[in-house]
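One-letter residues, chain by chain:
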Amino acid sequence: MKAVIPVAGLGTRLRPHTFTVPKPLLHVAGKPIIAHIIDNISSLSIEEIILVYGENGESVVDFVREYWKGTVKGVLQRELMGLGHAVYQTKDLINEKDRLLVILGDTIIEGESIKSSSLDRDFIAVKEVDDPRRFGVVELDEEGYIRGVEEKPDRPKSNLAIVGLYYFTSTGLLFEGLSYIMERDIKTKGEYQLTDALAYMLERGWRPLAVRIEGWYDCGKPETLLETNRILLGKTGSKYEIPGSLIVPPVFIEKDVEIKNSIIGPYVSIASGAMISNSIVTDSIINREAIVENISMTSSILGQKAQVKGGLRRFNVGDFSKVELG
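In every chain, residue numbers begin from 1 and rise along the written sequence. Local features are withheld for residues below a pLDDT of 70 in this predicted model, meaning they are given only at 70 or higher, and side-chain atom pairs are given and counted only at 80 or more; totals for whole chains, interfaces and linings count all residues. Calculated side-chain values reflect all of the structure's heavy atoms, with hydrogen atoms and water omitted.

S.K.: Please provide a residue-by-residue account of the environment of isoleucine 114, values included.
M.R.: Think of it this way: any DSSP run of H or I at least four residues long counts as a helix, any run of E at least two long counts as a strand, and we number them from the N terminus. Secondary-structure assignment places isoleucine 114 in helix α5 (residues 111–115). For isoleucine 114, a relative accessible area of 1% gives the class buried. When the C-alpha positions of isoleucine 114 and alanine 125 are compared, they lie 8.8 Å apart, and in sequence the two are 11 residues distant. Contacts were defined at the residue level, with two residues in contact if any of their heavy atoms lie within 4.5 Å. In this structure, isoleucine 114 is in contact with Asn40, Ile41, Leu44, Ile103, Ile109 and Leu165, ignoring residues within four places of it in sequence. Buried residues are those whose accessible area, probed at 1.4 Å on protein chains only, stays under 20% of the maximum for their type, while exposed residues exceed 50% and partly exposed ones sit between those limits.

Shown next, in the form of structure tokens:
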């Protein structure tokens, strides 16, 4: 089986972090987003990972080659023209009879959800959502098979959103559909959508299952990245004891992090080489080699080598006094 992971997106909603670091390499709950994705598909029989990366995205390919011991190939997507266009770039690396897993590079899907999915037939992973207009949506027949797909419809026919995981037992019809929309310049919302290729396949008798996923975590915006950090730390976070500081679980702290006279947690992820002193940090992600001094901080994301320093204040306040700090 081969896995295609598109990682070329600019991550504009996570700026300024993504000005310097590709979104898949941003840390959440102790490791980069792409590392979570690879770990969650590691139980499958993946023989080769193909990363579709954009300009300045070679660092993602380099990281995966270091992190994962199997075969890793990279394909440059020079123009960001949609998910269908991204998958189409891999056509020369995939044979018609290859089994193929396509999983987005900015969404974390729990490994158990993938492991429990049957790999003897094609499927699309879905989840019920409150507002399906924001997603690709599937329509099911009476037997639970998918009979229709639509990208971000104004009037959805169901509330089952596509979560960014697709499985094909063979790829001939998939690339036929992608070629069809590319050659005829069929776009939805200005891009070549994978859902349009899937609609082509459905019209020609393709009958995939809808596999319902529970653990689906978005990493596309600062608030959702922090929410994902909280959820994953709640499942995997560890307890730490650091002399002179109070560590409130769940947290993740790399071994070489330096913490002095501080309160850390809950829900804090601190990457390698960071230094924190005289501070209170809760509900935050601290990336590599960041420095935090003399400050109280919450609901924050610090990029690598970022520095946040505050000023300590001393008070001698008498009875019935009131002090307000903006």
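S.K.: How would you explain a nonpolar patch on the surface if you had to name every residue and give the values?
M.R.: Together, Leu246, Ile263 and Ile280 give the surface a local cluster of nonpolar side chains, amounting to about 240 Å² of exposed area. Looking at the secondary structure, you find isoleucine 263 in strand β17 (residues 263–264). Isoleucine 263 sits in the partly exposed class, given a relative accessible area of 32%. Residues qualify for a patch when their relative accessible area is over 30% and they have no salt bridge, like charges being joined within 9 Å and the nonpolar side chains of Val, Leu, Ile, Met, Phe, Trp and Tyr within 5 Å. Calculation of accessible area relied on Shrake-Rupley with a 1.4 Å probe; when residues are assessed, cover is drawn exclusively from the protein chains displayed. By convention in these notes, a salt bridge is any Lys or Arg side-chain nitrogen within 4 Å of a carboxyl oxygen on Asp or Glu.

S.K.: So, the pairing of strand β20 (residues 280–286): which residues are in play, and what are the values?
M.R.: For β20, the tally of buried residues reaches five of seven residues, placing the bulk of the element in the interior. At least two bridges found by DSSP between two strands is the condition for calling them paired. Taken together, the two bridges between β17 and β20 define a ladder with parallel strand orientation. Bridging across to β20, isoleucine 263 finds its partner in isoleucine 280. Pairing geometry for strand β18 (residues 268–270) and β20, over three bridges, is parallel. Looking at the pairing, valine 268 lines up with serine 284 of β20. Bridging between β20 and strand β22 (residues 296–302) involves six bridges; their strand directions are parallel. Pairing of valine 281 across the sheet is with methionine 297, part of β22.

S.K.: Please give an account of the layout of surface pockets that cites residues and values.
M.R.: Cavity and pocket criteria rest on a 1 Å grid covering protein atoms alone: a 1.4 Å probe that fits but cannot get out defines a cavity, protein on both sides within 12 Å along at least 5 of 7 lines defines an open pocket, and an atom within 4 Å of a point defines a lining residue. Grid points are joined across faces, edges and corners, and a volume is the space filled by probe spheres set on the points. Its volume calculated, the largest pocket comes out at about 1,500 Å³. Every residue lining the largest pocket is counted, 48 residues in all, and those nearest its centre are Arg13, Leu104, Asp106, Thr107 and Lys152. Among the secondary structure elements, those contributing two or more residues to the lining of the largest pocket are α4 (83–88), β11 (160–168), α7 (194–203), β13 (216–218) and α8 (222–236).

S.K.: Tell me about the side chain of serine 284, and name the residues and values.
M.R.: As for its placement among the helices and strands, serine 284 is situated in strand β20. Reaching out from serine 284, the side chain makes a polar contact with the backbone nitrogen of serine 300 at a distance of 3.2 Å. Apart from the residues lying within four places of it in its own chain, the contact partners of serine 284 are Leu226, Asn229, Tyr267, Val268, Ser269, Met297, Thr298, Ser299 and Ser300. We define a polar contact as two N or O atoms separated by no more than 3.5 Å, with the added condition that, inside protein, one atom must be a possible hydrogen donor and the other a possible acceptor, whereas residues neighbouring each other in sequence contribute only through side-chain atom pairs.

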